[in-house]
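Each chain, written out:
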Amino acid sequence: MTVYALHIFDRKGKTLFTKRYAPTKQPVQDAEMLSEQRKLIFGMLFSLRELVGSLTPEGASPALHSVKTGAGTLHCYETISGLRIALYTNNNPIMNTIGARGGGDNSKTSFQTALKHIYSEIWVECVVRSPLYRPEDIQVEPLEGRDTNAGRFDIKSTNFEAKLNAYLNSMPWFR
């Protein structure tokens, strides 16, 4: 299975983290186009979440786990605080579940479990528990030549990306 990208959004739609894994078919994309793509992904997640919420019976909690399109599948995980993690993969029908990870464990887990692990074990440990972290003050991308982000918390200053890469590389479906 090919993983194309991982996006993390806050509840207001601000992109907190984006990492592309598979090379795209298009030549180099400019920052404005990538920003527009992230906005479209969040907008789609937000709209579908609202639709699922309106179709869910009373008393049940609405949940959007994945969206399958002709080009790929977007696996979603939303926290209680509104943080949304989206993992974009190809449409491999065999990989609806993740195989066992080492240790001879034959249990099958879903992409939801992997996304939940990314949130609870990696994001919370590396970003939220950082003494410099303030949710409203995250620097998403550096602005070249400008000092307007001085004093802002930068996710790249944590070991979040290194731990994320190590975790994803340990997964049998990650290529």
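Since the model is a prediction, treat every value here as computed from it, not as a measurement.

1. A word on the pattern of salt bridges
(1) Moving on: Applying the stated criterion to the full structure yields 3 salt bridges.
(2) Moving on: Between Lys 19 and Glu 161 there is a salt bridge whose closest N-O contact spans 2.9 Å. Pair noted here: Lys 19 is in strand E2 (residues 15–20) and Glu 161 is in helix H3 (residues 160–170), with a separation of 142 residues, a long-range link.
(3) Moving on: Across the salt bridge formed by Glu 78 and Arg 84, the nearest N and O atoms sit 3.4 Å from each other.

2. Things to note about the packing of helix H2 (residues 111–128) against H3
(1) Moving on: As a packed pair, H2 and H3 sit with axes 9 Å apart at the nearest point and diverge in direction by 155°. By the angle between their directions, the pair H2 and H3 is classed as roughly antiparallel. As H2 runs across H3, the sense of the crossing is right-handed. From H2, Ala 114, His 117, Ile 118, Ile 122, Trp 123, Cys 126 and Val 127 reach across to H3, where they touch Phe 160, Lys 163, Leu 164, Tyr 167 and Leu 168.
(2) Moving on: A breakdown of the residues in the contact of H2 with H3 according to their chemical character gives 10 nonpolar, 1 polar and 1 charged.

3. Section: the environment of Cys 126
(1) Moving on: Along the polypeptide, Cys 126 turns up in helix H2.
(2) Moving on: A relative accessible area of 6% places Cys 126 in the buried class.
(3) Moving on: Separated by 35 residues in sequence, Cys 126 and Glu 161 have C-alpha atoms that sit 9.1 Å apart.
(4) Moving on: Apart from residues lying up to four places away in sequence, Cys 126 is in contact with Thr 158, Asn 159, Phe 160 and Lys 163.

4. A few points about the packing of aromatic side chains
In this description, an aromatic ring pair is defined by two values, namely the gap between the centres and the angle between the planes.
(1) Moving on: Scanning all chains against the criterion turns up 4 aromatic pairs.
(2) Moving on: Ring centres of Tyr 77 and Tyr 119 lie 6.3 Å apart, and the angle between their planes is 45°; this geometry places the pair in the tilted category. You can see Tyr 77 sitting in strand E4 (residues 73–78) and its partner Tyr 119 sitting in helix H2, a full 42 residues away along the chain.
(3) Moving on: For Tyr 77, a relative accessible area of 17% translates into the label buried.
(4) Moving on: Between the aromatic rings of Trp 123 and Phe 160, the centroid separation amounts to 5.2 Å while the plane-to-plane angle is 90°, which identifies the pairing as edge-to-face. With a gap of 37 residues between them, Trp 123 in helix H2 and Phe 160 in helix H3 connect regions that are remote in the sequence. Neither residue differs from the other here; Trp 123 and Phe 160 are each classed as buried.
(5) Moving on: Three or more aromatic residues joined by ring pairs make a cluster, and in this case those are Phe 17, Trp 123 and Phe 160.

5. Quick word on the confidence of the model for the chain
In regions of low pLDDT, the predicted coordinates are not meant to be interpreted in detail.
(1) Moving on: Of all residues in the chain, 71% attain a pLDDT of 70 or more, and the chain-wide mean is 75.
(2) Moving on: The low-confidence segment residues 96–109 (pLDDT under 50) makes 20 contacts with residues lying over four places distant or belonging to another chain.
(3) Moving on: Confidence over residues 143–151 falls short of pLDDT 50; this stretch has 6 contacts with residues more than four positions distant or in other chains.

6. A short note on the side chain of Asp 10
(1) Moving on: Among the structural elements, Asp 10 can be located in the loop between strand E1 (3–9) and E2.
(2) Moving on: Buried charge without a partner: Asp 10 forms no salt bridge, and the closest opposite charge is Lys 14, 5.7 Å away.
(3) Moving on: Here the side chain of Asp 10 touches Gly 13 through a polar contact of 3.0 Å, landing on its backbone nitrogen.
(4) Moving on: At a separation of 2.7 Å, a polar atom in the side chain of Asp 10 contacts the main-chain amide nitrogen of Lys 14.
(5) Moving on: Not counting residues up to four positions away in its chain, the partners in contact with Asp 10 are Leu 16, Phe 42, Gly 82 and Leu 83.

What counts, and at which threshold
- Residues numbered from 1 in each chain as written.
- Predicted model: local features only at pLDDT ≥ 70, side-chain atom pairs only at ≥ 80, totals over all residues.
- Heavy atoms only, no water.
- Salt bridge = Lys/Arg side-chain N within 4 Å of Asp/Glu carboxyl O.
- Helix = DSSP H or I, 4+ residues; strand = E, 2+ residues; numbered from the N terminus.
- Axes fitted to C-alpha atoms, helices over the stretch in contact; angles between N-to-C directions.
- Parallel < 35°, antiparallel > 145°, perpendicular 65-115°, else oblique.
- Left-handed = near helix turned anticlockwise from the far one by under 90°.
- Contact = heavy atoms within 4.5 Å.
- Nonpolar A, V, L, I, M, F, W, Y, C, P; charged D, E, K, R; others polar.
- Buried < 20%, exposed > 50% of the residue type's maximum accessible area, 1.4 Å probe, protein only.
- Phe/Tyr/Trp six-rings, centres within 6.5 Å; stacked < 30°, edge-to-face > 60°.
- pLDDT = per-residue confidence, 0-100.
- Lys, Arg positive; Asp, Glu negative; His and termini not counted.
- Polar contact = N/O pair within 3.5 Å; in protein donor to acceptor, adjacent residues only side chain to side chain.

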